[in-house]
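Results of the structural survey
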Amino acid sequence: MSGGTPVIGVLALQGDVREHLVALAAADAVARPVRRPAELAEVDGLVLPGGESTTISKLAVLFGLMEPLRTRVRAGMPVYGTCAGMIMLADKILDPRSGQETVGGIDMIVRRNAFGRQNESFEAAVGVKGVAGDPVEGVFIRAPWVESTGAAAEVLAEHEGHIVAVRQGNALATSFHPELTGDHRVHALFVDMVRANAGAESL
């Protein structure tokens, strides 16, 4: 925590990093890109952005980040994954690419590109448990969905019968991209999770 303000990293290997940095700053966090294990060690929480999940997985291994990520997530560091980041947080992928690894942390099975390819991207209003007010405008771009969850995972949102937002302890994941809409309420929910975790650790 920096003077009471949580320091939240965005995994900056590939994907829409800048948009998350802007959204986190708007939600009253200090936001930093994370590319190295030393940078990961300095943050209170981490966002795994959208992008190409296989590429992010391979780059995380290449940059020496995969094991430190797994260790910190297992130890309870708050983490939020959007789209590809949701895939990274799944304990199991239904149809993984060759060599694709996950960080894990949420007891769920995820289907990659479940809502279709790039040209089938769409927006939809999604009611998210824990986010007050109107539904969130969800931007779905080659988005995954959650096929099933274990007992420890809480479903926060569904779209057309498919699970699109999940939380398990300090891990949060959405199929959609709230960082692309200018509505920072999902990021504010995550910042609150990081703040609560830092407060619990300081007791």
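One structure accompanies this document, and this report is about it. Note that this is a predicted model, so its numbers are computed, not measured.

**Quick word on the layout of surface pockets**
Taken as a whole, the largest pocket spans an internal volume of roughly 200 Å³. Lining the largest pocket are 16 residues, with G51, E52, C83, I141 and R142 sitting closest to its centre. Here the lining of the largest pocket is composed, by residue class, of 6 nonpolar, 6 polar and 4 charged.

**Observations regarding the packing of aromatic side chains**
One pass over the full model with this rule turns up 6 aromatic pairs. Taking the centre distance of 5.5 Å and the plane angle of 70 degrees together, the rings of F115 and F122 count as edge-to-face. Their ring planes at 55 degrees and their centres at 5.6 Å tell us that F140 and F176 sit as a pair that is tilted. With a gap of 36 residues between them, F140 in strand β8 (residues 136–140) and F176 in the loop between β12 (171–174) and α6 (185–202) connect regions that are remote in the sequence. Residue class for F176 comes out buried when judged on its relative accessible area of 0%. Here a set of aromatic residues connected by ring pairs shows up, and it is made of F115, F122, F140, W145 and F176.

**Digging into the pattern of salt bridges**
Close approach of charged atoms allows side chains with opposite charge to pair. What the rule picks out here adds up to 9 salt bridges. Residue R36 is joined to E39 by a salt bridge in which the shortest nitrogen-to-oxygen separation is 3.4 Å. For E39, a relative accessible area of 24% corresponds to the partly exposed category. The salt bridge partner of K129 is E154, with a shortest N-O separation of 2.7 Å. On the criterion of sequence distance, the pair formed by K129 in the loop between β7 (122–126) and β8 and E154 in strand β10 (residues 154–159) is long-range, its members being 25 residues apart. The network of salt bridges with common partners includes E67, R70 and E101.

**Thoughts on helix α3 (residues 53–62)**
The set of residues buried in α3 consists of S53, T54, I56, S57 and A60. Across the axial projection of α3, the buried residues extend over an arc of 165 degrees, all falling on one side. Residues of α3 that are buried in the fold lie against β1 (7–11), α4 (66–74) and α5 (84–89). The backbone nitrogen of T54 has a side-chain oxygen 2.9 Å away, supplied by the residue at the start of α3, namely E52. Looking one or two residues beyond α3, the residue adopting positive phi is G64, at roughly 70 degrees.

**Observations concerning the side chain of R70**
Positionally, R70 belongs in helix α4. When residues no more than four places from it in sequence are discounted, the contact partners of R70 are E101, T102 and V103.

**What to know about the pairing of strand β4 (residues 79–82)**
Because side chains alternate across β4, one face comprises the buried residues V79 and G81, and the other comprises Y80 and T82, equally buried. Across 3 bridges, the pairing between strand β3 (residues 45–48) and β4 is parallel. Residue pairing in the sheet places V47 in a bridge with Y80 of β4. Examined bridge by bridge, β4 and β12 share 4 bridges and lie parallel to one another. Looking at β12, one finds that T82 is bridged to T174.

**Digging into the nonpolar core**
By size, the foremost hydrophobic cluster in this structure holds 33 residues, and its most contacted members are L40, I106 and M108. No other element matches α5, which puts 5 residues into this core. Membership of the second largest hydrophobic core comes to 31 residues, among which are Y80, A124, V128 and A165.

**Details of unusual backbone geometry**
Working note: non-glycine residues mostly have negative phi, and peptide bonds are mostly trans. Even without a glycine there, the phi angle at C83 is positive, about 55 degrees. Relative to the assigned elements, C83 resides in the loop between β4 and α5. Here C83 falls in the buried class, since its relative accessible area comes to 5%. Phi is positive for R142, close to 45 degrees, though the residue is something other than glycine. Locating R142 in the fold gives a position in the loop between β8 and β9 (145–149).

Cut-offs and rules
Residue indices begin from 1 for each chain and proceed along its sequence in written order. Only residues with pLDDT of at least 70 get local features here, since the model is predicted, and only at 80 or more are side-chain atom pairs given and counted; chain-wide, interface and lining totals rely on the full set of residues. Values reported for side chains reflect all heavy atoms of the structure, with hydrogen atoms and water molecules removed beforehand. Cavities and pockets are defined on a 1 Å grid built over the protein atoms alone: a cavity is a set of grid points where a 1.4 Å probe fits but cannot escape, while a pocket is an open set with protein on both sides within 12 Å along at least five of seven lines, and lining residues are those with an atom within 4 Å of any such point. Grid points are joined across faces, edges and corners, and a volume is the space filled by probe spheres set on the points. The residue classification treats Ala, Val, Leu, Ile, Met, Phe, Trp, Tyr, Cys and Pro as nonpolar and Asp, Glu, Lys and Arg as charged. All others, Gly included, are polar. Ring pairs shown here join Phe, Tyr and Trp side chains whose ring centres sit within 6.5 Å, with only the six-membered ring taken for Trp; geometry is labelled stacked below 30 degrees between planes, edge-to-face above 60, and tilted in between. Each helix is a run of H or I in the DSSP string that is no shorter than four residues. Each strand is a run of E no shorter than two, and both are numbered from the N terminus. For every residue, the accessible area obtained with a 1.4 Å probe (protein chains only) is divided by the maximum for its type, and the residue is called buried under 20%, exposed over 50%, and partly exposed between those limits. One side-chain nitrogen of Lys or Arg within 4 Å of one carboxyl oxygen of Asp or Glu is enough to make a salt bridge. Throughout, the arc means the angular range of directions from the helix axis out to the C-beta atoms. Contacts were defined at the residue level, with two residues in contact if any of their heavy atoms lie within 4.5 Å. Polar contact is the term for a pair of N or O atoms within 3.5 Å; when the atoms are in protein, one must be able to donate a hydrogen and the other to accept it, and sequence-neighboring residues count only if both atoms are side-chain atoms. Here, strands pair whenever DSSP counts at least two bridges between them. Working definition of a nonpolar core: buried Ala, Val, Leu, Ile, Met, Phe, Trp, Tyr and Cys residues. They are joined through side-chain atoms within 4.5 Å.

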